[in-house]
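# Structure assessment
If you want the building blocks of each chain, they are given just below.
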Amino acid sequence: MTNTRIPAVRPTQPTAPLTAAPLTTAPRTSARDRGTPLLATLFLAPTIVGIVVFTVVPIVGSVVLSLFHWNVIDSPSFAGAANYREVFGDSTVLVSFGNTLVFMVFAVALQLLIALVLALAVNGRMPGWLRSVFRSAFFFPLVLSAASISVVMKYLFNQDFGVVNWLLGLVGIAPVPWLTSENAAMATVILVYVWQQFGFSFLLFVGGLNNIPKEIHEAAALDGARGLRKHLTITLPLLSPTLLVASVVGIINALQVFEQPYVLTNGGPGDATRTVVMVIYESAFEQLRFGEASAVGVLLFVLIMAVTALQFRLSRRFVHYQ
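Presented here is an overview of the structure given in this document.

Cut-offs used in this document
- Throughout this description, residue numbers start from 1 for each chain and increase along the sequence as written.
- The predicted origin of the model limits local features to residues at a pLDDT of at least 70 and limits the giving and counting of side-chain atom pairs to 80 or more, whereas totals for whole chains, interfaces and linings rest on all residues.
- For the side-chain quantities, the full set of heavy atoms in the structure was used; hydrogens and water were omitted.
- Remark: nonpolar core denotes a set of buried residues (Ala, Val, Leu, Ile, Met, Phe, Trp, Tyr, Cys) joined through side-chain atoms within 4.5 Å.
- Only protein chains enter the calculation, and the probe is 1.4 Å; a residue is then buried if its accessible area is under 20% of its type maximum, exposed if over 50%, and partly exposed in between.
- Strands here mean DSSP runs of E at least two residues long; helices mean DSSP runs of H or I at least four residues long; both are numbered from the N terminus.
- Here, residues are in contact when the closest pair of their heavy atoms is within 4.5 Å.
- In this scheme Phe, Tyr and Trp rings, the latter by its six-membered ring, pair at centre separations within 6.5 Å, and the angle between planes marks the pair as stacked below 30 degrees, edge-to-face above 60, and tilted otherwise.
- The span you would expect from a helix comes to 1.5 Å times its residue count less one.
- We call two N or O atoms a polar contact when they sit within 3.5 Å, provided that within protein one can donate a hydrogen and the other can accept it, with sequence-adjacent residues counted only if both atoms are side-chain atoms.
- The salt bridge criterion pairs a side-chain nitrogen of Lys or Arg with a carboxyl oxygen of Asp or Glu, the two atoms within 4 Å.

## Looking at the nonpolar core
One finds F103, Y193, F202 and F205 to be the most contacted residues of the largest nonpolar core, which totals 50 residues. Of all elements in the fold, only α2 (82-88), α3 (91-122), α5 (146-156), α7 (182-210), α9 (227-255), α11 (276-286) and α12 (290-318) reach the threshold of two or more residues within this core. If near-sequence neighbours (up to four positions away) are discounted, F205 is found in contact with L112, A115, L116, A119, L239, T242, L243 and A246.

## Concerning the packing of aromatic side chains
One pass over the full model with this rule turns up 13 aromatic pairs. With centroids separated by 5.8 Å and ring planes inclined at 25 degrees, the aromatic side chains of F134 and F138 adopt a geometry described as stacked. With F134 and F138 both in helix α4 (residues 128-139) and 4 residues apart, the pair spans about one turn of that helix. F138 gets classed as buried once you look at its relative accessible area, which sits at 17%. On the numbers, 5.5 Å between centres and 75 degrees between planes, the contact of F157 with W178 is edge-to-face. Of the two residues, F157 is situated in the loop between α5 and α6 (163-170) and W178 in the loop between α6 and α7; the sequence distance between them amounts to 21 residues. Pairwise contacts between aromatic rings join W70, F258, Y262, Y281, F285 and F290 into one cluster.

## Quick notes on α3
Counted at 1.5 Å a residue, the expected span for α3 with its 32 residues is 46 Å, and the 46 Å between its end C-alpha atoms agrees. Between a side-chain oxygen at the N-terminus of α3 and the backbone nitrogen of T92 the separation is 3.0 Å; the capping residue is D90.

## Focus: the pattern of salt bridges
Under the definition given, this model contains 3 salt bridges. Here D271 makes a salt bridge to R274, at a shortest N to O gap of 2.7 Å. On the accessibility criterion, D271 (30% relative accessible area) is partly exposed. Overall, R274 belongs to the buried group, its relative accessible area being 11%.

Encoded structure:
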């Protein structure tokens, strides 16, 4: 036998498997997606235009006009800070700011208190149809004109032939000078204002109470929290976000009160019920001092912004979110 030599076979290196490169395709945008920003802009345009025309432009115009003397007849003349110095030196303006702050404190506090008590009562156990009747009745004064309501209330609170004094006379109480006494006039204006405005806060509180889970009240009842204690420890903390919104809106509206004191007392007796907005109206449209009126308006705007900022600052401690 002959020996045959078999040549050695060298091992070959394994080759990496061939993989197809990932294909990157550009996302396809449909005509509907391309038109979405344009459609959103068209829907927002009326609101944006309204804010710019009716809010931003008047604010900027008031600030600029407050630096000028202008009586509509003659050309405006630059006055600088003279209008503001005149405003701070005018006792009537200072009294109006004081009256407005007093009005704001008592009117908003009374409005929130009445609205909260009525909301708790309506949210209790009662038929659904009766609850709807109360909601409509309490909100109805808000849809009426403040001027028309003030005209009616002026007759009701008249000292000589008003219905209120007639009812008081039935129980032996002497006629009260509701609109001619310095102390009673402000109280009357506050009552008329609260009667018309509390419906808004009432609806806010009703909605807030409905958002509180019933399980929380049931658990509180098992722990012994009932009645006033339950509302102080459970309801009010959970209702604090709604209370913040109602107080912010209420204070802003109260600082701009005009119709009720203007129709009921015309700012009197004396300056007992004269408010800041009444001073702005009288300075601009009765005395044709548009520069001074704009300066008062700018100061009122600063006051509203400061009070609102203070509210949101304090809300960090007192507002509790679920």
